[in-house]
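The lines below spell out each chain.
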Amino acid sequence: MNIRKRVAVIGAGITLYRRRLKESGKELSFYAANMALESAGMSRNEIDSVVMGTAPDAFDGIHMKSENLLDGAGATQKPYTHVYVGGGTGVFAPIGGWWHIASGMHDTCLVVCEEKMSPCFPHPQTAFRSIWDPIISRPLNPNLVWIFALEMHRYMKVHGIPKEHIAQVAVKNKGNALDHPSAQLAAKITVDDVLNSEIMVYPVNRLDISPPSDGAAALILASEDVARKYTDAPVWLDGVGWSLDSAYWTNRDLYFPQYVAKAAKMAYKMAKINDPPQEVSFAEPYDPFTYKELHHMEGLLLAEKGQAPKLTVEGVTARDGDLPICPSGGLLGVGNPIAAAGLMKCCEAFWQLRDEAGKRQVPKAETGVCQAWGDLMQVGTVCVFKRDS
Amino acid sequence: MSFDKIRDPRKIRHQIGDMECDYIYTAGVAGERFYIALRDEEKLLATRCEKCNITFMPPRLYCDNCFTELASFMEVPSKGVIESYTITYFDRDGQALPEPEILAFVKIDKTDGGLIHRIGEIKPESLKIGSKVTAVFEAKKERKGALTDIKYFKPA
Ligand SMILES: [Zn+2]
């Protein structure tokens, strides 16, 4: 591998995450990008290129919405790229930024992710109606929740996991989100609250699911030599990995996300991590559903197969545990403006590794892993961030 | 290997579908101000970046050059100059329009931007690029806080 430049993160920004925001998508992008620039002490003319990540255009209802968002993302008359791998986009966008810097092509890159799901009626779920294969799957009128319920049920069955253990993820993440200033669904709840909430699609209860949201987030990447001019505390994006499986999700065992494991191995190898559970100090796996956090911890090789629920129940994954998971509050607590939700996780890694996470700060944060997932249970995107030493 | 001789796609194995989302688009913070002033006061509002000497029409919440937030809105004249125009004779489905429609890019006075809009009260043969035009508003009770609250621009 010929990586020309080590890549640093030197700024981060985020808007409020809410069910419906008054700001347009461009305006949300502006607030996130501008906050990231201010945190880095940079102006727009110091940015060489811009990468935008968004999930389906069908949420905002603007075809080629990245072009619509361009000026808000600070990209007017700059090299501008839109990247997209469905729900995995939020952690893929910084990988797109990484290409620009690691290749030596640019010194600085502003990465912005935006999603405005509120314009879509009758519900943003409707936008997912047309992601399925029109011949094989659509005649059954699928929706995302029952598709993922099949995956969840398979995962529970293979390892004999009780629903109570999975529900603990909602309790933890919504609780963690109480300390996140952008959070949409922060709450102090109990396992019983989750189990007693409506069954949407067995075995998924209402409190197992993250909400639709409006929001944007941004990161600023820079090459090592340039990063040092702006900050004494760069955070290193030392490993990137991504892997996609086919859309034939019925041709694999759903209990384990092989494609996430492939993406994680790629990123760990690049970041020279040999023993992930020992070397990773905290992680932000993708948690649009409670079981996904556990499924992804195992995909990220942070827990043995089937062991993530046990670690959660034992408190290992709490913010003050040995391996804090989703200290931000995750999608379940902070909200799920799809692409922006993934990038929110990378913003969290930046703040944690600079000791800027406030009440969310985890002790001894040295290495953080962020991961997103999506499409027809087929995309894994992974970034490994390290504290400067 | 090919079905290209089959004119009716229903003659081959198929599934009927659609992409059935509906949308209620958010005007945004700047759009809200712009359209309420249009509806309630027959006014065009712009934002201005003093640093870059740019007056944005339609108004934006930020200057996309220096990337500062633009907090103050100012009234600008609801008139301008035709920068370019076209005359359309057919609709999107290829049907002849009862009357040709004139569409123009109108640069709004005292701004660095403009609006695409219809031109009325003029014969196509009298149109000129560079002509001055002024906005004709819908009757107050008809206005909805949308771009169509301006019916068209007419020769000034
Ligand atoms: Zn300016």
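This is a predicted model, so every value here is computed, not measured.

Conventions adopted
Residues numbered from 1 in each chain as written. Chains lettered and ligands numbered in written order. Predicted model: local features only at pLDDT ≥ 70, side-chain atom pairs only at ≥ 80, totals over all residues. Heavy atoms only, no water. Helix = DSSP H or I, 4+ residues; strand = E, 2+ residues; numbered from the N terminus. Buried < 20%, exposed > 50% of the residue type's maximum accessible area, 1.4 Å probe, protein only. Contact = heavy atoms within 4.5 Å. Areas by Shrake-Rupley, 256 points an atom, 1.4 Å probe, with all protein chains shown as cover. Lys, Arg positive; Asp, Glu negative; His and termini not counted. Charge placed at Lys NZ, Arg CZ, Asp CG, Glu CD. Polar contact = N/O pair within 3.5 Å; in protein donor to acceptor, adjacent residues only side chain to side chain. Buried area = accessible area lost by both parts, 1.4 Å probe. Salt bridge = Lys/Arg side-chain N within 4 Å of Asp/Glu carboxyl O. Nonpolar A, V, L, I, M, F, W, Y, C, P; charged D, E, K, R; others polar. Pairing = 2+ DSSP bridges. Expected span 1.5 Å × (residues − 1). Donors = N, O, S within 2.8 Å, 3.2 Å for Na, K, Ca; no water. Tetrahedral: all angles 85-135°; square planar, octahedral: opposite > 155°, others 65-115°. Patch = residues over 30% accessible without salt bridge, like charges linked within 9 Å, V, L, I, M, F, W, Y side chains within 5 Å.

S.K.: How should the overall build of chain A be read in this particular structure?
M.R.: Per the secondary structure count, chain A includes 14 helices and 12 strands. By its C-alpha atoms, chain A is 50 × 45 × 40 Å across when sized along the principal axes. The proportion of buried residues among the 389 residues of chain A is 64%. Residue pairs at least 24 apart in sequence account for 77% of intrachain contacts in chain A once pairs closer than 6 positions are excluded. Surface exposure of chain A reaches about 14,000 Å², of which carbon and sulfur atoms provide 52%. Taking the average location of the 39 positive side-chain charges in chain A and that of its 43 negative ones, the two points are 2 Å from each other.

S.K.: Would you mind going over the overall build of chain B with me for this structure?
M.R.: Secondary structure summary: chain B contains one helix and nine strands in total. Shown N-terminal to C-terminal, the secondary structure of chain B runs as helices and strands in the order β-α-β-β-β-β-β-β-β-β. Viewed in the frame of its principal axes, chain B has a C-alpha envelope of about 65 × 40 × 35 Å. Put simply, chain B has 156 residues, and 31% of those count as buried. Considering only residue pairs separated by 6 or more positions, chain B has 51% of its internal contacts joining residues 24 or more positions apart. Counting only carbon and sulfur atoms, one obtains 50% of the accessible surface of chain B, whose full area is about 10,200 Å². Of note, chain B has its 25 positive side-chain charges centred 2 Å away from the centre of its 25 negative side-chain charges.

S.K.: In this structure, what is going on with the environment of Y23 of chain B? I would like to understand it.
M.R.: With respect to the helices, strands and loops of the structure, Y23 of chain B is situated in strand 1 (residues 22-23). A distance of 2.3 Å separates a polar atom in the side chain of Y23 of chain B from the backbone oxygen of A58 of chain A.

S.K.: What exactly am I supposed to notice about the interface of chain B and chain A here?
M.R.: Many authors give the size of an interface as the accessible area that is lost as the parts come together. On the side of chain A, 35 residues touch chain B, which itself brings 25 residues to the contact. The junction of chain B with chain A conceals about 2,400 Å² of combined surface from both sides, 58% of it contributed by carbon and sulfur atoms. Summed over the shared surface of chain B and chain A, the result is two salt bridges. Of the charged contacts, one joins R129 of chain A and E20 of chain B as a salt bridge, the two residues approaching to 2.8 Å between their closest N and O atoms. On the surface where chain B and chain A come into contact, there are 15 residue pairs in polar contact (both at pLDDT 80 or more). Only strand 1 and helix 1 (28-41) of chain B provide two or more residues apiece to the side of chain B that touches chain A. Sorting elements by how many residues they give to the side of chain B that touches chain A places helix 1 of chain B first, with four residues. Across the side of chain B that touches chain A, the residue classes tally to 11 nonpolar, seven polar and seven charged. Pairing of strand 5 (residues 120-121) of chain A with strand 1 of chain B involves two bridges; the strand directions are antiparallel. Paired with F121 of chain A across the two strands is D22 of chain B, which belongs to strand 1 of chain B.

S.K.: Looking at this structure, I do not really get helix 5 (residues 144-159) of chain A. What am I missing?
M.R.: The periodicity of an α-helix, 3.6 residues per turn, causes residues three or four positions apart to be oriented the same way. Residues and elements named next belong to chain A. The terminal C-alpha atoms of helix 5 lie 23 Å apart, and with 16 residues this matches the ideal 22 Å at 1.5 Å per residue to within 8%. The opening residue of helix 5 is N143, an N-cap whose side-chain oxygen sits 2.8 Å from the backbone nitrogen of V145. Directly after helix 5, the chain includes G160, whose backbone phi takes a positive value near 65°.

S.K.: Is there a simple way to explain the coordination of the zinc ion in this structure?
M.R.: Note on metal geometry: ideal angles are 109.5 degrees for four donors arranged tetrahedrally and 90 or 180 degrees for six donors arranged octahedrally. Residue and element names in this part refer to chain B. Here the zinc ion is held by the protein donor atoms C49 (SG), C52 (SG), C63 (SG) and C66 (SG), which lie 2.3 Å from it. For the zinc ion, the four donor atoms in the first shell make angles of 104 to 113° at the metal, so the coordination geometry reads as tetrahedral. Look at where the donors of the zinc ion fall in the sequence and you get C-x2-C-x10-C-x2-C. In terms of burial, C63 and C66 fall into one category: buried.

S.K.: Please clarify how the pairing of strand 5 (residues 79-90) of chain B should be interpreted in this entry.
M.R.: Working note: regular strand, side chains alternate between the two faces of the sheet. All names here are of chain B. Strand direction decides the pairing type here: strand 5 and strand 8 (residues 132-137), joined by three bridges, are antiparallel. The residue bridging G80 from the neighbouring strand is V133, located in strand 8. When strand 5 meets strand 6 (residues 96-108), the two strands line up antiparallel, connected through nine bridges. Counterpart to G80 in the pairing with strand 6 is I108. Counting the residues in the hairpin turn of strand 5 and strand 6 gives five residues, including G94, whose phi is positive at 85°.

S.K.: Help me understand a nonpolar patch on the surface, please; the structure alone is not making it clear to me.
M.R.: On the surface, a cluster of nonpolar side chains totalling about 340 Å² of accessible area is made up of I135, I136 and Y248 of chain A. Of note, I135 of chain A is situated in the loop between strand 5 and helix 5.

S.K.: Mind showing me how you'd approach the pattern of salt bridges here?
M.R.: Between side chains of opposite charge, pairing is possible as soon as their charged atoms come close. Evaluated as defined, the whole model comprises 34 salt bridges over all chains. The residue K141 of chain B makes a salt bridge to E142 of chain B at a minimum N-O spacing of 3.5 Å. Among the ionic contacts, a cluster of salt bridges with common partners joins K26 and D71 of chain A together with R60 and D64 of chain B.

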